[in-house]
Amino acid sequence: MSDPTPICDYEGSDYRARFWQNQGRDYEDQVERVALRRLMPPAGATLLDIGAGFGRLADEYGGYERVVLFDYSRSLLREAQAHLRDDPRFTYVAGNWYHMPFADGLFATLVQVRTLHHAADAPALFRELARVARPDAAYILEFASKHNLKAMLRYWLRRQAWSPFDERPVEFVELNFDFHPRWIREQLALAGFAPEEMLTTSHFRFAPLKRITPTSLLVAADSAIQRTGARWQLTPSVFVRSRLARPTALPLPGAFFACPTCHLTLGQPVDGLLVCANPACGRRWRVEDGLYDFKEPV
């Protein structure tokens, strides 16, 4: 399946070790968890984690009956498998987030943290998420905001060319985008989501400050002011909870996976393959050691 929209591929990367393990980001990890707990329904039938990677936030989903960790990188999902071991609630799916391999109206909750900045076409992604979401589904999104104090200061000092006040996304390096909060709300609404509560996080993302201040104090201070995001958004990281407001059909009984090309419901795997029964399609997708691989057809 070809798609002109580029995808950021972390296949084979050491993302977990290079970015999270002993890298001085305990503060960011903890404040993001605070925001997620405030916005995410604590329990439900189905949850989709978009760009789940190695499963950093998987331990936050204890109240859900079935959790799909979805990522473009097979290797990161294998790390998640090794970390979560044999927990039967988790399903590991590799695929393209612009063409998701799920039945319409499937998920009660969607979570996306620290991955939208790799979306070259965020509106198309929002439309696809609206397709796989149940009526009134909660979508908890974190995004990198261009409308932050550091970017404003750099712009006023003429140390960056792009304006943090321009609502259009900015690609500051290849496949890395910052977004304006107002633009995000508008695009969510166009896709059928109704934006609700907004929180700001990482108010104290400043390396010298993090080195001299106990993490627990920074987390407590950040937590105390996250709700100011309802009035203004001046931090590099913003969370927003939306609800699917448009009508959508529930999946047929037993339907879960669907062909990402033609959307026909897929049956159970046979000999390690999921096969699309549509004669005009007929694509086959590999299932190997618990990983459903929709990255490309066999």
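In what follows, the accompanying structure is described. (Residues numbered from 1 in each chain as written. Predicted model: local features only at pLDDT ≥ 70, side-chain atom pairs only at ≥ 80, totals over all residues. Heavy atoms only, no water.)

Turning our attention to the layout of surface pockets. Of the pockets and cavities examined, the second largest pocket occupies roughly 230 Å³. Forming the walls of the second largest pocket are 14 residues, and the residues nearest its centre are Arg16, Asp29, Arg33, Phe54 and Arg56. For the lining of the second largest pocket, the secondary-structure elements that each account for two or more residues are helix 1 (15-20), helix 2 (26-39) and helix 3 (74-84). With three residues, helix 2 is the single largest residue contributor to the lining of the second largest pocket. Its residues assigned to classes, the lining of the second largest pocket comprises four nonpolar, three polar and seven charged. (1 Å grid on protein atoms, 1.4 Å probe; cavity = no way out; pocket = protein on both sides within 12 Å on 5 of 7 lines; lining within 4 Å. Points joined across faces, edges and corners; volume = space filled by probe spheres on them. Helix = DSSP H or I, 4+ residues; strand = E, 2+ residues; numbered from the N terminus. Nonpolar A, V, L, I, M, F, W, Y, C, P; charged D, E, K, R; others polar.)

On to the sheet that holds strand 3 (residues 90-94). One open sheet holds the 10 strands; their spatial order is 8-9-5-4-1-2-3-12-11-10, and the pairing between them is mixed. Looking at the sheet topology across the chains shown, the edges are occupied by strand 8 (193-201) and strand 10 (273-275). Across the sheet, the axes of successive neighbouring strands diverge by a mean angle of 20°, strand direction being ignored. Inspection of the sheet shows strand 8 paired to strand 9 (residues 237-244) by seven bridges, in the antiparallel sense. From the neighbouring strand, Leu199 faces strand 9, where its bridge partner is Phe239. Contacting strand 4 (107-112), strand 5 (133-144), strand 8 and strand 9, helix 2 runs over the sheet at an angle of about 20° to strand 9. (Pairing = 2+ DSSP bridges. Axes fitted to C-alpha atoms, helices over the stretch in contact; angles between N-to-C directions. Contact = heavy atoms within 4.5 Å.)

Here the structure, examined in full by the defined rule, presents 20 aromatic pairs. Judged by centre distance (6.4 Å) and plane angle (25°), the ring pair of Phe177 and Phe179 falls under stacked. By the burial criterion, Phe177 is buried, and Phe179 matches it. What links up through ring pairs into an aromatic cluster is the set Phe70, Phe102, Phe107, Phe256, Phe257, Trp285, Tyr292 and Phe294. The ring of Trp20 is capped by Arg56, whose NZ or CZ atom sits 4.1 Å from the centre of that ring. (Phe/Tyr/Trp six-rings, centres within 6.5 Å; stacked < 30°, edge-to-face > 60°. Buried < 20%, exposed > 50% of the residue type's maximum accessible area, 1.4 Å probe, protein only. Lys NZ or Arg CZ within 6 Å of the ring centre and 35° of its normal.)

It is worth spelling out the packing of helix 4 (residues 122-132) against helix 6 (residues 181-191) at this point. Following both chains from N to C, one finds helix 4 and helix 6 inclined at 40°, their axes separated by 9 Å at the closest point. In terms of their interaxial angle, helix 4 and helix 6 are classed as oblique. Classified by chirality, the crossing of helix 6 by helix 4 is right-handed. Between helix 4, through Ala122, Pro123, Phe126, Arg127 and Ala130, and helix 6, the contact on the second element is made entirely by Trp183, Ile184, Gln187, Leu188 and Ala191. (Parallel < 35°, antiparallel > 145°, perpendicular 65-115°, else oblique. Left-handed = near helix turned anticlockwise from the far one by under 90°.)

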